[in-house]
Amino acid sequence: MKVERITLTHVRIPLVEPFRISSGEISEKDGIVVALYGDGVVGYGESSPMSGSFYSEETPESAWDCLVNELIPQVLKTRPASLERVNDLTAQIVGNQFAKAGIESAFWDLEAQQRNEPLWKTLGGKRTQVESGLAVGIFPTISKLLSAIERYLMEGYRRVKIKIQPGWDIEPLLAVRGEFGRIPLMVDANCAYRQSDLDHLQALDDFELMMIEQPLPKPDLEGHAKLQAMMKTPICLDESAKDATAVRKAIEMRSCSIINIKIQRVGGLKNAVEMHDICRAAGVPVWAGTMPELGIGSAQSVHLATLENFGFPTDVESSLRWFVDDVIYPFIEVRNGVIEIPEGVGNCYRVDGRKMQKYKVREESFR
C-alpha cells in the first residue's frame, strides 16, 4: 500500500431542491475527495460533513484542516503498509470522524484495487445488489411533501422515510398513510424530541411504521430505552451509535431494536464493519444511512450494505435524486428499487476529472 502522493479536492454541488431536517436546511452539498496515488493505482475516499452545524460539529472546513494538518502528515510520515496500520493511525486523532472516513475509505479502495476485486468483496459482502429507500425532508406544506413522495416513488424505492419534528409528525403521517396506504414507511427525528415527549411519540405506534429513527438526543440512551419499552414500533439509533462502545451500551440497555450505520459518522469502513459484527452477534439488524454523500461516499455505503446483517433498504438513492450532477461515472441509479453495483474493482465507479474541476472549491497536493 505504498502511497506516493495525496490530493484533496473540495467540491460543492447544488442540490436539486433544498433539504430540510429538524436542525436546519441546506441547498448545496460539500464533499472533500481524497485521492491516494501509489504503485500506478489511485484510491478514492470522501470526507462529507454538511456545512455549518446541520448534522454534526464537523464542517467541510474543520475536516479539511484535520486532513491537511494532522492526518495527511501522519500518513506521509509513517507510510502505513496495511489497513490495520491506517486505523491505528486514525485512532490517535481525537474526534474528526468525517476526516478519518475520507482518508481511511480511500485506503480501502486502494487495497481492493490492489487485490483486483470489488470493495464489497474486500469488506466481506455477499451480493452485488442493494435495496434503496426514499428519504424526504421537511416541506413547507403537506401537499408539497405528498408531491415529492409521489414523484420519486415512480423509481420504485422500497420504502419511504420522512423527517419529523415537534409540530410536524402526526399530520404529515396521517396524510402520507391516507395518500399512499400501507407502503413501507419510517420516520427520522434527528434528535428533535425530549423525554417529556414520550407519551406523544407513543402515538406513532398507530401508523405501523418500520421504525422511528433517533427521536431523542444523542446521549440519551436511557430515554430511548424507556421509549422502546413503551412502544411496539422499533426504535433505531443513528446519531447515538457513534462507535462500537456506544453500540454495545445501547444494546445492553435495550435502547433500540435497529442501528443505522453511517461510514462518515463512525470514522471509516473498519469501524462500520465492526459495528455491523457486534449487532449481528446480538441479533440486532442494521442498515446503511447517508449524509447524503456525493458519488464516492454513496458508492462505498452501497458496498458496505452488501454485508449480511444489513436488513433494510439503504438511504443511498440515485445520484440525480439529490444533486444536479455528480463526480462519478456511471451515476448511481435505482432501478425497480435496487442499486446494482457495476462490475469492476475497488469502488467500481470512476471519478470524472472534468466534473471535479467544474465544482472545485479548492485543491491541494502532498508528497
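Up top is the structure these notes are about.
Calculation criteria
Residues numbered from 1 in each chain as written. Predicted model: local features only at pLDDT ≥ 70, side-chain atom pairs only at ≥ 80, totals over all residues. Heavy atoms only, no water. Phe/Tyr/Trp six-rings, centres within 6.5 Å; stacked < 30°, edge-to-face > 60°. Lys NZ or Arg CZ within 6 Å of the ring centre and 35° of its normal. Helix = DSSP H or I, 4+ residues; strand = E, 2+ residues; numbered from the N terminus. Buried < 20%, exposed > 50% of the residue type's maximum accessible area, 1.4 Å probe, protein only. Pairing = 2+ DSSP bridges. Core = buried A, V, L, I, M, F, W, Y, C linked by side-chain atoms within 4.5 Å. Contact = heavy atoms within 4.5 Å. Axes fitted to C-alpha atoms, helices over the stretch in contact; angles between N-to-C directions. Salt bridge = Lys/Arg side-chain N within 4 Å of Asp/Glu carboxyl O. Arc of directions from axis to C-beta.

1. Some thoughts on the packing of aromatic side chains
At step 1: Within this structure, the stated rule accounts for 0 aromatic pairs.
At step 2: Against the face of tyrosine 152 rests arginine 321, its NZ or CZ located 4.1 Å from the ring centre.
At step 3: Positioned above the aromatic ring of tryptophan 322, the side-chain terminus of arginine 321 is 4.0 Å from the ring centre.

2. Here we look at the environment of proline 219
At step 1: Among the structural elements, proline 219 can be located in the loop between strand 8 (212-213) and helix 8 (221-230).
At step 2: Given the relative accessible area of 72%, proline 219 is considered exposed.

3. A word on the pairing of strand 3 (residues 41-47)
At step 1: Across the 7 residues of strand 3, 6 count as buried, placing the element largely inside the fold.
At step 2: In textbook terms, the turn of a hairpin is the stretch between consecutive antiparallel strands, and for strand 2 (residues 24-38) and strand 3 this stretch comprises 2 residues, one of which, aspartate 39, has a positive phi near 55 degrees.

4. Side note on unusual backbone geometry
At step 1: Cis geometry marks the peptide bond from methionine 291 to proline 292, where omega comes out at 0 degrees.
At step 2: Relative to the helices and strands, proline 292 resides in the loop between strand 11 (286-288) and helix 12 (295-304).
At step 3: A cis amide bond links tyrosine 329 to the next residue, proline 330, at an omega of -5 degrees.
At step 4: Mapped onto the elements of the fold, proline 330 is located in the loop between strand 12 (328-329) and strand 13 (338-340).

5. Quick look at the sheet that holds strand 8
At step 1: Taking strand neighbours across the sheet as the criterion, the 7 strands line up as 5-6-7-8-9-10-11 in an open arrangement whose pairing is parallel. In this open sheet, the two strands that pair with only one neighbour each are strand 5 (134-136) and strand 11.
At step 2: As paired elements, strand 8 and strand 9 (residues 235-237) share 2 bridges and run parallel to each other. Paired with isoleucine 212 across the bridge in strand 9 is isoleucine 235.

6. Structural notes on the nonpolar core
At step 1: Grouped together as the largest cluster of nonpolar side chains are 123 residues, with contacts concentrated most on Ile162 and Leu204.
At step 2: Listed in part, the 5 residues of the second largest apolar core include Met211, Cys236, Ile258 and Trp287.

7. Notes on the environment of glycine 337
At step 1: Here glycine 337 lies in the loop between strand 12 and strand 13.
At step 2: Separated by 17 residues in the primary sequence, glycine 337 and leucine 320 have C-alpha atoms spaced 15 Å apart.
At step 3: Those residues within four positions of glycine 337 in sequence are excluded, and the remaining contacts are Val130, Glu131, Ser132, Glu155, Gly156, Tyr157 and Arg158.

8. Some remarks on the sheet that holds strand 3
At step 1: Here 4 strands make up an open sheet; going across it, the order is 3-2-1-15 and the pairing antiparallel. Each edge of the open sheet is held by one strand with a lone partner, namely strand 3 and strand 15 (360-366). Within this sheet the neighbouring strands show an average axis-to-axis angle of 25 degrees, counted without direction.
At step 2: Relative to strand 15, strand 1 (residues 5-21) is paired through 6 bridges, and the arrangement is antiparallel. Across the sheet, the residue bridging to valine 11 is lysine 360, located in strand 15.
At step 3: This element, helix 3 (residues 97-114), spans strand 2 and strand 3 of the sheet and lies at about 150 degrees to strand 3.

9. Concerning the pattern of salt bridges
At step 1: Per the stated rule, a full pass over the model turns up 24 salt bridges.
At step 2: Across the pair glutamate 117 and arginine 115 runs a salt bridge, and its minimum N-O distance is 3.5 Å.
At step 3: The class for arginine 115 is partly exposed, based on a relative accessible area of 46%.
At step 4: Between glutamate 131 and arginine 158 there is a salt bridge, with its nearest N and O atoms 2.6 Å apart. A residue pair is termed long-range when its members are at least 10 positions apart, and glutamate 131 in strand 4 (residues 129-131) and arginine 158 in the loop between helix 5 (142-153) and strand 6 (160-163) qualify at 27 residues.
At step 5: Since its relative accessible area comes to 36%, glutamate 131 is described here as partly exposed.
At step 6: Among the residues examined, arginine 158 registers a relative accessible area of 34% and is labelled partly exposed.
At step 7: Through salt bridges with shared partners, one network takes in Arg159, Lys161, Lys163, Asp188, Glu213 and Asp315.

10. Some details on the environment of valine 33
At step 1: Examined against the element boundaries, valine 33 turns out to sit in strand 2.
At step 2: In sequence terms valine 33 and glycine 156 are 123 residues apart; their C-alpha atoms lie 30 Å from each other.
At step 3: Among all residues touching valine 33, those that are not within four sequence positions of it are Thr7, Leu8, Thr9, Tyr44, Gly45, Ile296 and Met356.

11. Quick word on helix 2 (residues 83-91)
At step 1: Leu83, Val86, Asn87, Leu89 and Thr90 are the residues of helix 2 that are buried. Taken end-on, helix 2 shows its buried residues confined to a sector of 155 degrees, consistent with a single buried face. In helix 2, those exposed residues whose orientation departs by more than 90 degrees from the buried face are Glu84 and Ala91.
At step 2: Of the surrounding secondary structure, the elements contacted by the buried residues of helix 2 are helix 1 (60-78), helix 3 and helix 11 (269-282).

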